[in-house]
Amino acid sequence: MTRFDTIRPVVWQDDHLQLLDQRLLPGETRWLAFHDSAAVAGAIRDMVVRGAPAIGIAAAYGAVFAAREAVAAAPADWLPRFEQALAVLGDARPTAVNLRWALARQRRQVDASTDDPATVLLREARAILDEDLAANHRMGELGAGLMTEPGGVLTHCNTGSLATAGYGTALGVIRSAWAQQRITRVYADETRPWLQGARLTAWELLQDGIPVTLLADAAAPALMRSGAVRWVVVGADRVTANGDVANKIGTYALALAARHHGVGFMVVAPTSTVDMALPNGDAIAIETRDPAEVLGVHGTPVAAAGADAWNPVFDVTPAPLVDALVTEAGVIHRPDTESMRAAFPVERAAQAMPGGA
Ligand SMILES: CSC[C@@H](O)[C@@H](O)C(=O)COP(=O)(O)O
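Residues numbered from 1 in each chain as written. Predicted model: local features only at pLDDT ≥ 70, side-chain atom pairs only at ≥ 80, totals over all residues.

A short note on the overall build of the protein chain
Line of reasoning, step 1. Across its full length, the protein chain holds 11 helices and 16 strands.
Line of reasoning, step 2. Here the protein chain holds 357 residues, and 50% of them are scored as buried.
Line of reasoning, step 3. Contacts in the protein chain between residues at least 24 apart in sequence constitute 75% of all its contacts with a sequence separation of at least 6. (Helix = DSSP H or I, 4+ residues; strand = E, 2+ residues; numbered from the N terminus. Buried ≥ 20, exposed ≤ 12 C-beta atoms within 10 Å, placed from the backbone. Contact = placed C-beta atoms within 7 Å.)

Shown next as structure tokens:
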């Protein structure tokens, strides 16, 4: 562990799940307790917990409740109820593949063992969490290694400890690179409409003593034009078989501006975010949320009454705009179908949850 490794948003305590309520940060640090699978699905949907790896981990713990509930209700025929509860968890948010990846992994555990299902699933949820933490530290080292000359970095959304088991993906790279003095300044987009950058990324960085400069999302191209940014470093919710990347809305615009200004564009995501079952980004289900999120700021309405809003919360960055894809398995420069297939075994495609995207 480094000194930059303290926040843990998903914690199993005794017999239940504790989630740090990310809707309230940085103003309030409140933990919520969860004891059933439907409530965990609700917490994912309502963004108590968010970020692709973190929602996968929370869902893996949700599967423990699902098994407990199903076995208690129908000891001799619990599997159909269990699968129904997994489907509810899997439908909580559509875009991040980590959610369905974690549930598919849990489903396979049930087939592979004759032990008490909840015990088996709890052990596996812990393994998923531990592996994510280890992957983040590895990606931190790999991504920092790409920053050969000191300079400014720009990040988007929140990809830190709060979005993962701990340490973070893109923010993990930033933590590692900052510790190695490879970064002169961290810039963070505020990330409308949920303000994950202004609320969560800035909070995490300041907790670690890393100074951060916030900017409105629309200011990013001008910042790149000024020469202040060497790397844009972002996370991902899904990376498809050709290297296309779904991530927080606004990422695509950053990639376009970065290419125009000769700024490096790095995507940092664990292999649990890679979906070799989908040929390209057009096949990714992009979540759209309540227009009210755009019509107001953090819950306070600001738009002219009567205006409508379009609120897709992710976009797809085409693979050719990605300079480096960093996973715990290594770095792929300018990913494409060939390099993705070489790096990730095709059997990953067969690991998706039944029922599609
Ligand atoms: C390590 S997190 C990668 C992505 O999940 C992150 O960039 C992101 O888009 C999160 O979106 P959110 O809507 O806050 O869940």
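A few points about the UniProt feature "binding site: substrate" (unreviewed entry) in the protein chain
Line of reasoning, step 1. Residues given the UniProt feature "binding site: substrate" (unreviewed entry) here are R50, G51, A52, R93, Q196, N247 and K248.
Line of reasoning, step 2. Not counting residues within four places of it along the chain, the set of residues in contact with A52 comprises A96, N98, G235, A236, D237 and T273.
Line of reasoning, step 3. Contacts of Q196, omitting those with residues within four sequence positions, involve C157, N158, T191 and T201. (UniProt positions renumbered as here; feature names shortened; annotations may be inferred.)

Details of the domain arrangement of the protein chain
Line of reasoning, step 1. Looking at the protein chain, the domain boundaries give domain 1 (10–134) and domain 2 (138–351).
Line of reasoning, step 2. The C-alpha centroid of domain 2 is placed 25 Å from the C-alpha centroid of domain 1.
Line of reasoning, step 3. The interface is formed by 23 residues belonging to domain 1 together with 27 residues belonging to domain 2.
Line of reasoning, step 4. Those elements that place two or more of their residues in the side of domain 1 that touches domain 2 are α2 (52–73), α4 (97–112) and α5 (117–146).
Line of reasoning, step 5. No other element matches α2, which puts five residues into the side of domain 1 that touches domain 2.
Line of reasoning, step 6. A per-class count over the side of domain 1 that touches domain 2 returns 15 nonpolar, five polar and three charged. (Domains from an automatic or database assignment. Nonpolar A, V, L, I, M, F, W, Y, C, P; charged D, E, K, R; others polar.)

Thoughts on α4
Line of reasoning, step 1. Its 16 residues give α4 an end-to-end C-alpha distance of 23 Å, which sits within 8% of 22 Å, the value for a rise of 1.5 Å per residue.
Line of reasoning, step 2. All of the buried residues in α4 are V97, N98, L99, R100, W101, A102, L103, R105, Q106, R107 and V110. (Expected span 1.5 Å × (residues − 1).)

Let's talk about the UniProt feature "site: Transition state stabilizer" (unreviewed entry) in the protein chain
Line of reasoning, step 1. Taken from the UniProt record, the annotation "site: Transition state stabilizer" (unreviewed entry) applies to C157.
Line of reasoning, step 2. Its place among the elements puts C157 in the loop between β4 (151–155) and α6 (170–179).
Line of reasoning, step 3. Discounting residues that sit within four places of it in the chain, C157 has contacts with T191, Q196, G197, G235 and K248.

Side note on unusual backbone geometry
Line of reasoning, step 1. A cis amide bond links L25 with the next residue in sequence, P26, at an omega value of 5°.
Line of reasoning, step 2. Tracing the sequence through the fold places P26 in the loop between β2 (16–20) and β3 (31–34).
Line of reasoning, step 3. Here the bond from R192 into P193 is cis, since omega is 0°, no more than 30 degrees from zero.
Line of reasoning, step 4. Within the secondary structure layout, P193 lies in the loop between β5 (183–189) and α7 (196–207).
Line of reasoning, step 5. The residue L195 is not glycine, and still its phi comes out positive at about 60°.
Line of reasoning, step 6. Tracing the backbone shows L195 in the loop between β5 and α7.
Line of reasoning, step 7. Take L195: there are 18 C-beta atoms within 10 Å of it, and that puts it in the partly exposed class.
Line of reasoning, step 8. Backbone geometry at R334 places phi at a positive 45°, although glycine is not the residue there.
Line of reasoning, step 9. Of note, R334 is situated in the loop between β16 (330–333) and α11 (337–343).

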